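Coordinate inspection notes
Spelled out from the first residue to the last, the chains are:
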Amino acid sequence: MTGERASCASLLTPTGRGAVAVIAAEGPGATAAIDAAFRAANGRSAAEQTIDRIAFGEWGAGEHREEVIVIRGGDAAFEIHCHGGVAAAERILAALAAAGCIIQSRDDWAKQRSASLIEAEADRALAQATTRRTAELLLNQRNGALQLAVSAARDAFNAGEIDAAREQLARLLERAPLGRHLVEPWLVAIAGRPNVGKSSLINAIVGYQRAIVFDQPGTTRDVLTAETAIDGWPVRLADAAGIRQTNDPLEAEGVTRARQQLQRADLVLWVLDGAELQDEPQAVAIRQWQAELGVDRIENALLVVNKADRITADRRPASDVGAAYVSALTGDGLPALLAEISRRLVPTPPERVAIPFTTRQVELLQAALDAASRAVAADARALLAQL
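What comes next is a walk through the structure. Along each chain, residue indices are assigned from 1 in the same order as the chain's sequence is written. Thresholds applied to this predicted model are a pLDDT of at least 70 for local features of residues and 80 or more for the giving and counting of side-chain atom pairs; totals over whole chains, interfaces and linings are not thresholded and use all residues. Heavy atoms from the whole structure form the basis of all side-chain values; hydrogens and water molecules are not counted.

Here we come to helix 13 (residues 334-345). Between its first and last C-alpha atoms helix 13 spans 17 Å; for 12 residues at 1.5 Å apiece the expected length is 16 Å, and the two agree. Relative accessibility under 20% of the residue-type maximum defines a buried residue, over 50% an exposed one, and the middle range a partly exposed one, all with a 1.4 Å probe and only protein chains included. Note on conventions: DSSP H or I runs of at least 4 residues are helices, E runs of at least 2 residues are strands, and numbering of each starts at the N terminus. For helix 13, the full list of buried residues reads Leu-334, Leu-337, Ile-341, Ser-342 and Leu-345. All buried residues of helix 13 fall inside an arc of 140 degrees around its axis, so they share one side. Set apart from the buried face of helix 13 by more than 90 degrees, the exposed residues are Pro-335 and Ala-336. A helix is expected to span 1.5 Å for every residue after the first. The arc in question is traced by the directions running from the helix axis to the C-beta atoms.

Right, let's talk about the layout of surface pockets for a bit. In this analysis a 1.4 Å probe is tested at points of a 1 Å grid over the protein atoms alone, and where it fits but cannot get out there is a cavity; an open set with protein on both sides within 12 Å along at least five of seven lines is a pocket; lining residues have an atom within 4 Å of a point. Grid points are joined across faces, edges and corners, and a volume is the space filled by probe spheres set on the points. In this structure, the largest pocket spans a volume of roughly 510 Å³. What lines the largest pocket is a set of 26 residues, among which Leu-12, Ala-24, Glu-79, Trp-109 and Asp-123 lie closest to the centre. Sorting the residues of the lining of the largest pocket by element identifies strand 2 (20-26), strand 5 (66-74), strand 6 (77-83), helix 3 (106-113), helix 4 (117-128) and helix 5 (132-142) as the ones contributing at least two each. Per element, the largest residue contribution to the lining of the largest pocket is five residues, and it comes from helix 4.

Pairing of aromatic rings covers Phe, Tyr and the six-membered ring of Trp, with a centre-to-centre limit of 6.5 Å; geometry is then stacked below 30 degrees between planes, edge-to-face above 60, and tilted otherwise. Tallied over the full model, the rule gives one aromatic pair. Ring geometry for Trp-186 against Trp-233: centres 5.6 Å apart, planes inclined by 70 degrees, an arrangement best described as edge-to-face. In this pair, Trp-186 sits in strand 8 (residues 186-192) while Trp-233 sits in strand 10 (residues 233-239), placing the two residues 47 residues apart along the sequence. Note on accessibility: Trp-186 and Trp-233 belong to one class, buried.

Quick look at the nonpolar core now. Counting 57 residues, the largest nonpolar core has Leu-201, Leu-337 and Leu-384 as the members making the most contacts within it. The contacts of Leu-201, once residues within four sequence positions are left out, are Ile-190, Val-271, Val-304, Val-326, Ala-328 and Leu-337. As used in this record, nonpolar core signifies buried Ala, Val, Leu, Ile, Met, Phe, Trp, Tyr and Cys residues forming a set joined through side-chain atoms within 4.5 Å. Of all hydrophobic cores here, the second largest spans 25 residues; its members include Ala-21, Ala-33, Ile-80 and Ala-88. Note on contacts: a residue pair qualifies if any of its non-hydrogen atoms lie within 4.5 Å across the two residues.

With that settled, consider the sheet that holds strand 11 (residues 267-273). If you trace the six strands from one edge of the open sheet to the other, you get 9-10-8-11-12-13, paired in mixed fashion. Each of the sheet's edge strands pairs with one partner strand only, and the pair in question is strand 9 (224-230) and strand 13 (323-325). Strand after strand, the sheet turns through a mean of 30 degrees between neighbouring axes, direction not considered. Taken together, the five bridges between strand 8 and strand 10 define a ladder with parallel strand orientation. Being paired, for any two strands, means DSSP has found at least two bridges between them. Axis angles are defined between N-to-C directions and span 0 to 180 degrees, where every axis is a line fitted to C-alpha atoms and, for a helix, only to the segment in contact.

Mapping Ser-10 onto the fold places it in strand 1 (residues 8-11). Polar contacts involving the side chain of Ser-10 include one to the main-chain carbonyl oxygen of Ser-105, which spans 3.5 Å. The contacts of Ser-10, once residues within four sequence positions are left out, are Val-22, Ile-23, Ala-24, Leu-93, Gln-104, Ser-105, Arg-106 and Trp-109. Any pair of nitrogen or oxygen atoms within 3.5 Å is treated as a polar contact; in protein, a donor-acceptor pairing is required on top of that, and neighbouring residues in sequence qualify only through side-chain atoms on both sides.

We count a salt bridge whenever a side-chain nitrogen from Lys or Arg sits within 4 Å of a carboxyl oxygen from Asp or Glu. Scanning the entire structure with this criterion turns up 18 salt bridges. Between Arg-113 and Glu-26 there is a salt bridge whose closest N-O contact spans 2.9 Å. Taken as a pair, Arg-113 in helix 3 and Glu-26 in strand 2 lie far apart in primary sequence, 87 residues in all. The partly exposed category is assigned to Arg-113, whose relative accessible area is 30%. Between Glu-121 and Arg-360 there is a salt bridge, and its shortest N-O distance comes to 2.6 Å. Of this pair, Glu-121 sits in helix 4 while Arg-360 sits in helix 14 (residues 359-373), and the two are 239 residues apart along the sequence. Ionic contacts of the salt-bridge type, sharing partners, join the residues Arg-39, Glu-58 and Arg-65 into one network.

Moving on, we get to the packing of helix 6 (residues 145-158) against helix 15 (residues 377-386). Two elements in contact, helix 6 and helix 15, have axes whose closest approach is 10 Å; the angle formed by their N-to-C orientations is 160 degrees. By the angle class used here, helix 6 and helix 15 are roughly antiparallel. Relative to helix 15, helix 6 is oriented so that their crossing is left-handed. Along the contact surface, helix 6 presents Val-150, Ala-153, Arg-154, Phe-157 and Asn-158, while helix 15 presents Ala-377, Ala-380, Arg-381, Leu-384 and Ala-385. Roughly parallel here means an angle under 35 degrees, roughly antiparallel means over 145, roughly perpendicular means 65 to 115, and every remaining angle is called oblique. Should the near helix be turned anticlockwise from the far one by less than a right angle, the crossing is left-handed, and should it be turned clockwise, the crossing is right-handed.

Purely geometric numbers; function is a separate question.
This is the structure we're talking about:
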């Protein structure tokens, strides 16, 4: 029909299993499909539901019947909330497609309905955010924080205030590493000699038995990972193989992978065995292990003395050594360790500030700063306009 908008639908939540999947649908085809398959507990059709109110009911019939929630967002615009499994979402999308809806990717759906590229990118990033803290920061960007900062820099260029514009761009780029981690977790590698308690430590941090624990050197021969949140920041812990010289080809491969992981890590926890340190001078032993493990070549490393319940207070070294003491077995020292990890990853937690959070944004900001440094304000303004 001339002038009638196309009916579209899209799965807004990330693929894979989850608690709830959210499908957006709009257009006459969507309304028809919902009326054909959805039986609301209040007995009303989709078009009769109150806008922005939850309508509980069932989708489908027989063995494929699903309990769902439908929210009418306006004329012929709906959200369908169903079980987070893949099958339930696919059945609903198939019904919408059969009714004439064009099934769009999440990215295409966001682009067509966003006021700017930044807003569309924030919508995509929000769908992947794994913690409330990162979601709040991304929502702030979606609501205009980054757009306002970019506009302020453009205004400074227009006013001939080149130094002020450069300073604003530099501040934005300083926050780029944090922005990348609003979706991608920080990598914290846990390394050390064999059998110092690395696997036990990772289990203590995540709160469940993720890694193998066995009193035999070489047990962990590959890089095991587990994802968690520390102080609201998403973190991927990498439990690396024990680093030592070995003639076992399989174990040697694990050590090689562990060393590669250390070079990529945002933070390295060098784990020492407190039981061994009890029998020798603490500071001397720690510095020997630093040299052996190459900690001086790691930009961001934290020494962690595990099994600290076996060390008497008078045997701990001076504070200038900078080691964290923890017992993976008893949990003693674990809260302090988590606080220190958070501080190392995000030394200055941001409030409501502008944060670039995609590679595209960072590259354009860097190019604009480079242009400004060459005193080519017109190029800088054009690059910021692309944001």
